[in-house]
Amino acid sequence: PTNALTAQAKNDRILRYTKWPDGDRPPYVPIFSLEPSDNMNQRELGFDIYQDPVRRIALNRALESGLPTISGIIDLVQKTEKADKKGFVLYQPVYKQNVPPTTSSQRQSGIFGYVNIQFIARDLFRAISGTVGEDLDFIVYDEKIDPDHLLYATHSNLVNSRQATTSHLLNINGRNWRIVYYQ
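Residues numbered from 1 in each chain as written. Predicted model: local features only at pLDDT ≥ 70, side-chain atom pairs only at ≥ 80, totals over all residues. Heavy atoms only, no water.

A. Region of the structure containing the side chain of Asp142. Its location among the elements puts Asp142 in strand β5 (residues 137–142). Judged by relative accessible area, Asp142 falls into the buried class, the value being 4%. A polar side-chain atom of Asp142 sits 3.4 Å from a polar atom in the side chain of Trp177. (Helix = DSSP H or I, 4+ residues; strand = E, 2+ residues; numbered from the N terminus. Buried < 20%, exposed > 50% of the residue type's maximum accessible area, 1.4 Å probe, protein only. Polar contact = N/O pair within 3.5 Å; in protein donor to acceptor, adjacent residues only side chain to side chain.)

B. Expanded view of unusual backbone geometry. Phi angles above zero are rare outside glycine, and Glu143 is one such case at about 75°. Counting through the fold element by element, Glu143 comes out in the loop between β5 and β6 (150–153). Judged by its relative accessible area of 35%, Glu143 falls in the partly exposed class. Look at Asn173: it is not a glycine, yet its phi comes out positive at around 45°. Tracing the backbone shows Asn173 in the loop between β7 (164–172) and β8 (175–182). Residue classification places Asn173 among the partly exposed residues on the basis of a relative accessible area of 44%.

C. Quick look at the nonpolar core. Ranked by internal contacts, the top residues of the largest apolar core, which has 15 residues, are Val29, Ile31, Ile49, Leu59, Leu76, Val89 and Tyr91. Broken down by secondary-structure element, the contributors of at least two residues to this core are α3 (53–65) and β3 (86–95). When residues in this core are grouped by element, the largest group, three residues, is from α3. The next biggest cluster of nonpolar side chains, apart from the first, holds 10 residues, and it includes Ala121, Phe125, Leu151 and Trp177. (Core = buried A, V, L, I, M, F, W, Y, C linked by side-chain atoms within 4.5 Å.)

D. Structural detail: the confidence of the model for the protein. With 83% of its residues at a pLDDT of 70 or more, the protein shows a mean pLDDT of 82. Predicted confidence in the protein is weakest over helix α1 (residues 2–11), with a mean pLDDT of 58, and strongest over strand β1 (residues 69–70), with 96. (pLDDT = per-residue confidence, 0-100.)

E. Local environment of the pairing of β3. Examined bridge by bridge, β1 and β3 share two bridges and lie antiparallel to one another. Looking across to β3, one finds that Ile70 is bridged to Leu90. Pairing of strand β2 (residues 74–75) with β3, which is carried by two bridges, proceeds in the antiparallel orientation. Bridge pairing in β3 places Asp75 opposite Lys86. (Pairing = 2+ DSSP bridges.)

F. Representation of the environment of Val159. Summarising the element assignment, Val159 is placed in helix α6 (residues 158–161). Along the chain, Val159 and Pro147 lie 12 residues apart, while their C-alpha atoms are 9.7 Å from each other. The residues contacting Val159, other than those within four sequence positions of it, are Ile139, Tyr141 and Tyr182. (Contact = heavy atoms within 4.5 Å.)

What follows is the structure, encoded as structure tokens:
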């Protein structure tokens with residue numbers, strides 16, 4: 001199947017398409033197309049998202065539910081040393097008949113691929129917090145309050161500098177984020 005994907009990519013004039021990382025493993029879920037088609041994003045073409053355990057969990061949840069599902073914290077593939085690319089990905093399964101199957105076995109056999117939207121946590125949460133004012137400081141944790149699960153903080157030393165005032169659990173299609181607010 002990977003040779004067929006490579007042939008299809010070349011047929012579709014995706015010239016820089018190469019599957020990576022190397023190895024044969026079922027299933028193979030490569031990034032086949034991206035927008036915008038700039039140099040940074042082009043580095044992702046051919047990347048097998050299913051080989052990454054965090055992405056694989058989200059892909060499996062999306063396939064099983066038929067619903068959009070977000071991943072845990074990932075370092076985005078196009079990360080550069082100059083920029084923090086910690087983020088997450090939203091996956092929406094796409095089915096061959098363009099009609100969501102109603103059973104798990106129909107979803108398994110009818111999967112065509114996934115549409116995914118990558119979010120750079122820093123950019124997303126800065127945009128959100130900018131709409132409510134600069135007086136709001138918060139930390140977003142993925143699944144649990146733990147330094148290893150920190151998705152975003154308005155300030156790098158926020159945990160040590162001030163007392164938390166409240167927290168809120170936000171469930172996004174089965175993924176829990178704990179948002180801790182500070183004054």
